[in-house]
Amino acid sequence: MIRFLAATVATMLAVTIGASSASAAGMLDFTGTSSTGYLGGGASPIPRTTVMYNGNYAPGTVVVNTAERRLYLVLENGQALRYGIGVGRDGFRWGGVHKITAKKEWPDWTPPSQMIARRPDLPRHMKGGIENPLGARAMYLGSTLYRIHGSNEPETIGQAVSSGCFRMTNDDVTDLYGRVNVGTTVVVLNN
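By the naming in an unreviewed UniProt entry, the protein chain goes by L,D-transpeptidase and is assigned to Bradyrhizobium guangzhouense. Within the UniProt record for the protein chain, the comment given under Sequence similarities (unreviewed entry) is "Belongs to the YkuD family." Entered under Pathway (unreviewed entry) in the UniProt record, the comment concerning the protein chain runs "Cell wall biogenesis; peptidoglycan biosynthesis."

This is the structure in structure tokens:
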């Protein structure tokens, strides 16, 4: 009996130590979020930071500045959380004001017909998951075809590479997703 208990305790200790080491290495995260790239997006080349923000937007507003390739979540006291984003390539950048009309975790992706016309090699539908180009989270913008979504290609953050959507690392989009609600105003500045 004592040998059985000792073996059980040793096994539990090994599992606990192994999980702690894996979590510290960014390989395992029991909370569903990570600053180490566990969600598949890797670290952002443009770190998320709190900045002073001089805009006439109410706290809780999301402001996308396509020229800066940054997304701001307006906070109280003249501050904002600033995230690096990937934006639309030439001919695909746009501006306007919309609301977040839906939020999805690990969303499926169905490329719009316009995208399939340009890229017939694309799948017609892809289930959500780490290989899906929408990444860990997506926030849908009004009746547009566009979303703020995750990406498993962190090297595209700060670049103009999309078909009009706004890409974030999976870690950053998960952070933003937890801070905004359906109905949040999104202002897209295209200077």
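Engineer: Hey, could you run me through the side chain of Arg167 in this one?
Structural biologist: Mapping Arg167 onto the fold places it in strand E10 (residues 166–167). The residues touching Arg167, leaving out its near neighbours within four places in the chain, are Gly84, Ile85, Gly86, His149, Ser151, Glu153, Thr156, Ile157, Val161 and Ser162.

Engineer: When you look at the UniProt feature "active site" (unreviewed entry) in the protein chain in this model, what are you seeing that I'm missing?
Structural biologist: Within this numbering scheme, the UniProt entry marks His149 and Cys165 as carrying the feature "active site" (unreviewed entry). Of the residues just listed, which span 17 residues, no C-alpha pair is farther apart than 7.5 Å, and they cluster in one region. With respect to the helices, strands and loops of the structure, His149 is situated in strand E8 (residues 147–149). What makes His149 buried here is its relative accessible area of 5%. Beyond its immediate sequence surroundings of up to four residues, His149 is in contact with Pro133, Leu134, Arg137, Ala138, Cys165, Phe166, Arg167, Met168 and Val173. Given a relative accessible area of 10%, Cys165 falls into the buried group. Ignoring any residue separated from it by four or fewer positions in sequence, one finds Cys165 in contact with Gly86, Val87, Gly88, Leu145, Tyr146, Arg147 and His149.

Engineer: Explanation requested: the nonpolar core in the structure shown.
Structural biologist: Burial of nonpolar side chains together is a common tendency in soluble globular proteins. Among the nonpolar cores identified, the biggest contains 21 residues, and Val62, Leu71, Ile148, Phe166 and Leu176 are the most heavily contacted of them. Sorting the residues of this core by element identifies strand E2 (62–65), strand E3 (70–74), strand E4 (79–84), strand E7 (137–141), helix H3 (170–179) and strand E11 (185–189) as the ones contributing at least two each. Discounting chain neighbours no more than four positions away, the residues touching Leu71 are Val62, Val63, Val64, Leu81, Arg82, Tyr83, Ile85, Ile148, Met168 and Leu176. Membership of the second largest hydrophobic core comes to seven residues, among which are Val51, Val63, Val74 and Ala80.

Engineer: Explain the pairing of strand E6 (residues 96–105) here, please?
Structural biologist: Regular strands have side chains that alternate between both faces of the sheet. For E6 and E11, the ladder comprises four bridges, and the chain directions are antiparallel. Each bridged residue has a counterpart across the sheet, and for Lys99 the counterpart in E11 is Thr185. Relative to E7, E6 is paired through five bridges, and the arrangement is antiparallel. Paired with Glu105 across the strands is Arg137, a residue of E7.

Engineer: I would appreciate a short explanation of H3 in the present structure.
Structural biologist: In terms of burial, H3 is largely enclosed, as eight of its ten residues are buried. Every buried residue of H3 is accounted for by Asn170, Asp171, Asp172, Val173, Thr174, Asp175, Leu176 and Tyr177.

Engineer: Quick question: what am I supposed to make of the sheet that holds E6 here?
Structural biologist: Hydrogen bonds between backbone groups are what pair the strands of a sheet, and the pairing can be parallel or antiparallel. Read from one edge to the other, the open sheet built from nine strands follows the order E1-E4-E3-E2-E11-E6-E7-E8-E10, with strand pairing classed as mixed. In the strand order of this sheet, the two ends are held by strand E1 (49–52) and E10, each with one partner. Here E3 pairs with E4 via five bridges, running antiparallel. Paired with Tyr72 across the two strands is Arg82, which belongs to E4.

Here is what the cut-offs are and how they apply
Residues numbered from 1 in each chain as written. Predicted model: local features only at pLDDT ≥ 70, side-chain atom pairs only at ≥ 80, totals over all residues. Heavy atoms only, no water. UniProt positions renumbered as here; feature names shortened; annotations may be inferred. Helix = DSSP H or I, 4+ residues; strand = E, 2+ residues; numbered from the N terminus. Contact = heavy atoms within 4.5 Å. Buried < 20%, exposed > 50% of the residue type's maximum accessible area, 1.4 Å probe, protein only. Core = buried A, V, L, I, M, F, W, Y, C linked by side-chain atoms within 4.5 Å. Pairing = 2+ DSSP bridges.

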